[in-house]
Protein chains: 2
Amino acid sequence: MRWFMTLAYRGAPYHGWQVQPGQETVQGVLEDALATLTRHPVAVTGAGRTDAGVNAHTMVAHFDTDNGIDASAPGFVRGLNSLIGYDIAVYSIVPVRPDAHARFDATERSYRYYATTRKNPFARGLARRCSPSLDFDAMNEAARLLIGRRDFTSFAKLHSDAKTNICDLRRAAWHRVDDDSWYFDIAADRFLRNMVRAVVGTLVEVGRGKMSPGGILEVLDKADRCAAGTSMPAEALYLWSVDYPGEIYI
Amino acid sequence: MRWFMTLAYRGAPYHGWQVQPGQETVQGVLEDALATLTRHPVAVTGAGRTDAGVNAHTMVAHFDTDNGIDASAPGFVRGLNSLIGYDIAVYSIVPVRPDAHARFDATERSYRYYATTRKNPFARGLARRCSPSLDFDAMNEAARLLIGRRDFTSFAKLHSDAKTNICDLRRAAWHRVDDDSWYFDIAADRFLRNMVRAVVGTLVEVGRGKMSPGGILEVLDKADRCAAGTSMPAEALYLWSVDYPGEIYI
């Protein structure tokens, strides 16, 4: 039986999503807990692999169980949550078609990058502190220029194993939360490794007046990672949503 | 010269607001930093004394400087913030009349208590996890009954040195933030020690069906701390605002 689980996690306590020998990872914690509950080995496949330090407001992952186990039962979800600590929360587990795939069936992913423009003891480790003089209008002008089906090689991690660097970017805009805080919402069919943090870093150069909004098109055209701005720290980045077609659920 | 400063702090790293020998307190950190900047001893007087673990979204405090120092200068505020660490943020410092008093001139204080009804890795240490079956309508019915000028002895810490336990409660209501989170907003001319956490604890008993909403009036009438519910943990409590009459500013 195949299941999709929806979960959230803080990035800071883990060495990213993907299992790595000798490191605590989100995938590893989930696989261990599921093996304990089901009494058989369980492989967990996520919608994507968040890097070390990146948070997930919503991650989706699939896994299989044997022996007629009902992983969607409230008791199973409670048991799983009790085994995985405070920094990961599994919200729900639902049955899906046997060939549903958390990574390949995802039609859209979105990320948010949180910024605070003043010292905020409650946002520490959750949002990036930026100068209050950042020009968010200019950043939004540049962000709009990225929307569409484009080659994002300039924003991709070097030596990545992706076969193509074309992404269909559907949303990219900064939104004001209150006087001192903002978030950048970005949605696409897929993202390259490190892409959101490189996009935000480049937008911040626009916001600081070091690059004109139109300059971001030249960065894209160069198809060269060195053309883009510095990658921003992971702690303020959140995988925010993953969408699937309704047909995968049973 | 007398100054009012507006600040925020996380409660967890400190042993409360008030200076205590051998303990790190918010008042102590501020007094040390101000003495360093002004090169003379500085006494800081807060609008109130938050207990160990209680957060401040907004605290107001006064202090005096000699030697023509302009404590409202951006450089002074920046210098202060650089000396007090990440868990306290001073937002602004403004000049006030020489007899203005952060505690005695405050006309209203408000607190918030944050609750989350599901496991949330990002709310840990910032909001209290509660059962999703809590009846917030019943809690609000009980909360409304508290509003007015009343004797809050039942919600006061025993052996407190307060001369009177009469408070003029002006607001008391739970507000929904989203599907899974709520906050309780409570405002009064003054609060007794531990009062908000005892009020919230008693409301939670109403929300769990252990007490009828009207039962809270019987608790008030008894004027006995043992009649109220258990005090709720400090980590989810925030001093939210302190109001002053405009005449104190110069």
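Refer to the structure above for everything that follows.
Parameters at a glance
- Residues numbered from 1 in each chain as written.
- Chains lettered and ligands numbered in written order.
- Predicted model: local features only at pLDDT ≥ 70, side-chain atom pairs only at ≥ 80, totals over all residues.
- Heavy atoms only, no water.
- Phe/Tyr/Trp six-rings, centres within 6.5 Å; stacked < 30°, edge-to-face > 60°.
- Lys NZ or Arg CZ within 6 Å of the ring centre and 35° of its normal.
- Helix = DSSP H or I, 4+ residues; strand = E, 2+ residues; numbered from the N terminus.
- Expected span 1.5 Å × (residues − 1).
- Buried < 20%, exposed > 50% of the residue type's maximum accessible area, 1.4 Å probe, protein only.
- Contact = heavy atoms within 4.5 Å.
- Buried area = accessible area lost by both parts, 1.4 Å probe.
- Salt bridge = Lys/Arg side-chain N within 4 Å of Asp/Glu carboxyl O.
- Polar contact = N/O pair within 3.5 Å; in protein donor to acceptor, adjacent residues only side chain to side chain.

Scanning all chains against the criterion turns up 26 aromatic pairs over all chains. Members of the aromatic cluster, joined through ring pairs, are Tyr114, Tyr183, Tyr238 and Trp240 of chain A together with Phe122 of chain B. A cation sits over an aromatic face here: Arg112 of chain B above Tyr183 of chain B, 4.0 Å from the ring centre. Over the face of the ring belonging to Tyr91 of chain A we find Arg118 of chain B, whose NZ or CZ atom lies 3.3 Å from the ring centre.

All names here are of chain A. For helix H1 (residues 26–38), spanning 13 residues, the distance from its first C-alpha to its last is 18 Å, which sits close to the expected 18 Å at 1.5 Å a residue. Within the sequence span of H1, burial applies to Val26, Gln27, Gly28, Val29, Leu30, Glu31, Ala33, Leu34 and Thr38. If you follow the buried residues of H1, they end up packed against strand E1 (2–9), strand E3 (55–64), helix H2 (74–83) and strand E4 (88–96). Among the residues trailing H1, Arg39 stands out with phi positive, at a value near 60 degrees.

Now for the interface of chain B and chain A. Contacts between the two partners involve 22 residues from chain B, matched on the other side by 22 residues from chain A. Regarding the contact of chain B and chain A, the summed buried area is about 1,800 Å², with carbon and sulfur atoms giving 65% of it. Considering only the side of chain B, the residues that lose the most area to chain A are Lys119, Pro121 and Phe122 of chain B, jointly responsible for 42% of the buried surface there. If you look at where chain B meets chain A, you find two salt bridges. In this structure, Arg124 of chain A engages Asp87 of chain B in a salt bridge whose closest nitrogen and oxygen atoms are separated by 3.2 Å. Where chain B meets chain A, there are eight residue pairs in polar contact (both at pLDDT 80 or more). Sorting the residues of the side of chain B that touches chain A by element identifies strand E1 (2–9), strand E3 (55–64) and strand E4 (88–96) of chain B as the ones contributing at least two each.

No statement about biological role is implied by the geometric values presented.
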